[in-house]
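Structure assessment
Listed here are the chains, written in short residue letters.
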Amino acid sequence: MVEVFRLSTSNHWILYGSGLLPMTKADIARIVYERHGGISNREAARLVEVIFDSIKSKLGHGEKVQITGFGTFLIRQKRERRGRNPQTGEEMLIKPRTSVVFRPSKLFGAPGE
Amino acid sequence: MTKAELVDEVSRVSDLTRKHTEVIVDAVFTSIVDALQQGDKIELRGFGSFRVRRRDSRKGRNPKTGAGVLVPAKKVPHFKPGKELRELINRR
């Protein structure tokens, strides 16, 4: 079902559940602000930023990040492989690279049902 | 890094106790799970995006008995790292 909410922290409308607009850090900060109750909007936004920066920095050092009840971010080495430019069909060599994969926790439940 | 270590890090750069910080960290991840369960997409600038991907049904096998079974279609959460994160981990 599509519901229209007005955000207390900003002036734009969001259609939740419509899949039209993605949730952003600002939306998460608003939820954090409401759930905690004892911090300012601005502090909530700063802490959301700190959380994702911290995870990012750990991944940047090749460390895995495991959040109970949510999931695990892992660093994976991808081998060199042959691929094709989907536009031209031209064959090319894809260089080895490092990638992040997310393994959702089993507690995640079935999404989008 | 575990969630407990993340809570420690966040609590170090705020005036909040560990317990209060934990409420905040939990709220962040719960909000993402809730949004995905509603079928919404989450876009975190500089980090990446989460969305729900449909996995088609497929033929599988019971590893114990070897009997063929049909694994039903399901929806799974998917994370796509953002440009900044991809560049960061490929710098090493």
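The shown structure was predicted, so the numbers you read here are calculated from the model rather than taken from an experiment.

**Focus on the side chain of S99 of chain A**
The topology assignment puts S99 of chain A in strand β7 (residues 97-104). In contact with S99 of chain A, not counting residues within four places along its chain, are L74, I75, R76 and K78 of chain A together with I89 of chain B.

**Brief notes about the sheet that holds strand β2 (residues 48-55) of chain B**
Residues and elements named next belong to chain B. Spatially, β1-β2-β5 is the arrangement adopted by the 3 strands of the open sheet, whose pairing is antiparallel. Edge positions in the open sheet fall to β1 (42-44) and β5 (74-81), since each of these has one partner strand only. Each neighbouring strand pair of the sheet contributes to a mean axis angle of 30 degrees, computed without reference to strand direction. Of the strand pairs in this sheet, β1 and β2 are connected by 3 bridges, and their pairing is antiparallel. Along β2, the bridge assignment pairs I42 with F50.

**Focus: the packing of aromatic side chains**
Scanning all chains against the criterion turns up 13 aromatic pairs over all chains. Considering the side-chain rings of F70 of chain A and F29 of chain B, the 4.8 Å spacing of their centres and the 45 degrees angle between planes classify their relative orientation as tilted. Taken together, the residues span two chains, with F70 of chain A in the loop between β3 (65-67) and β4 (71-78) and F29 of chain B in helix α2 (residues 18-37). Judged by its relative accessible area of 1%, F70 of chain A falls in the buried class.

**Structural notes on helix α1 (residues 3-12) of chain B**
Counting along an α-helix, one turn takes 3.6 residues, and residues three or four places apart therefore face a common direction. Turning to α1 of chain B, its buried residues are K3, L6, V7, V10 and S11 of chain B. Down the axis of α1 of chain B, the smallest arc covering the buried residues is 130 degrees, so these residues share one side. Contacts from the buried residues of α1 of chain B go to α2 (41-60) and β3 of chain A together with α2 of chain B.

**Some thoughts on the confidence of the model for chain A**
Residues and elements named next belong to chain A. Residues of chain A with pLDDT of at least 70 account for 78%, and the chain-wide mean is 83. Looking over chain A, one finds the lowest element-wise mean pLDDT in strand β2 (residues 13-16), namely 49, and the highest in β3, namely 97. The low-confidence segment residues 6-13, where pLDDT is below 50, has 13 contacts with residues more than four positions distant or belonging to other chains.

**What about the interface of chain B and chain A?**
In this assembly, 46 residues from chain B lie in contact with 51 residues from chain A. When the two sides are added together, the surface that chain B and chain A hide from each other amounts to roughly 4500 Å², 69% of it contributed by carbon and sulfur. Among the residues of chain B in contact with chain A, M1, F47 and I89 of chain B are the three that bury the most area, contributing 15% of the side total. Seen at the junction of chain B and chain A, the total is 2 salt bridges. Residues K56 of chain A and E84 of chain B are paired through a salt bridge, measuring 2.7 Å at the closest nitrogen-oxygen approach. Across the chain B-chain A interface, the total number found is 14 residue pairs in polar contact (both at pLDDT 80 or more). When its residues are assigned to classes, the side of chain B that touches chain A shows 27 nonpolar, 10 polar and 9 charged.

**Overview of α2 of chain A**
Across its 20 residues, α2 of chain A extends 29 Å between first and last C-alpha, which sits within 8% of the 28 Å expected from 1.5 Å per residue. Once α2 of chain A finishes, G62 of chain A follows within two positions and takes phi at roughly 80 degrees, a positive value.

**Considerations on the sheet that holds β3 of chain A**
Residues and elements named next belong to chain A. The strand order across the open sheet formed by 3 strands is β3-β4-β7, and the pairing between neighbours is antiparallel. Where the open sheet ends on each side, the last strands, each with one partner, are β3 and β7. Strand-to-strand twist of the sheet, defined as the mean angle between neighbouring strand axes without regard to direction, takes the value 25 degrees. Bridge count for β4 against β7 is 8 bridges, and the pairing is antiparallel.

The rules behind each value
Residues numbered from 1 in each chain as written. Chains lettered and ligands numbered in written order. Predicted model: local features only at pLDDT ≥ 70, side-chain atom pairs only at ≥ 80, totals over all residues. Heavy atoms only, no water. Helix = DSSP H or I, 4+ residues; strand = E, 2+ residues; numbered from the N terminus. Contact = heavy atoms within 4.5 Å. Pairing = 2+ DSSP bridges. Axes fitted to C-alpha atoms, helices over the stretch in contact; angles between N-to-C directions. Phe/Tyr/Trp six-rings, centres within 6.5 Å; stacked < 30°, edge-to-face > 60°. Buried < 20%, exposed > 50% of the residue type's maximum accessible area, 1.4 Å probe, protein only. Arc of directions from axis to C-beta. pLDDT = per-residue confidence, 0-100. Buried area = accessible area lost by both parts, 1.4 Å probe. Salt bridge = Lys/Arg side-chain N within 4 Å of Asp/Glu carboxyl O. Polar contact = N/O pair within 3.5 Å; in protein donor to acceptor, adjacent residues only side chain to side chain. Nonpolar A, V, L, I, M, F, W, Y, C, P; charged D, E, K, R; others polar. Expected span 1.5 Å × (residues − 1).

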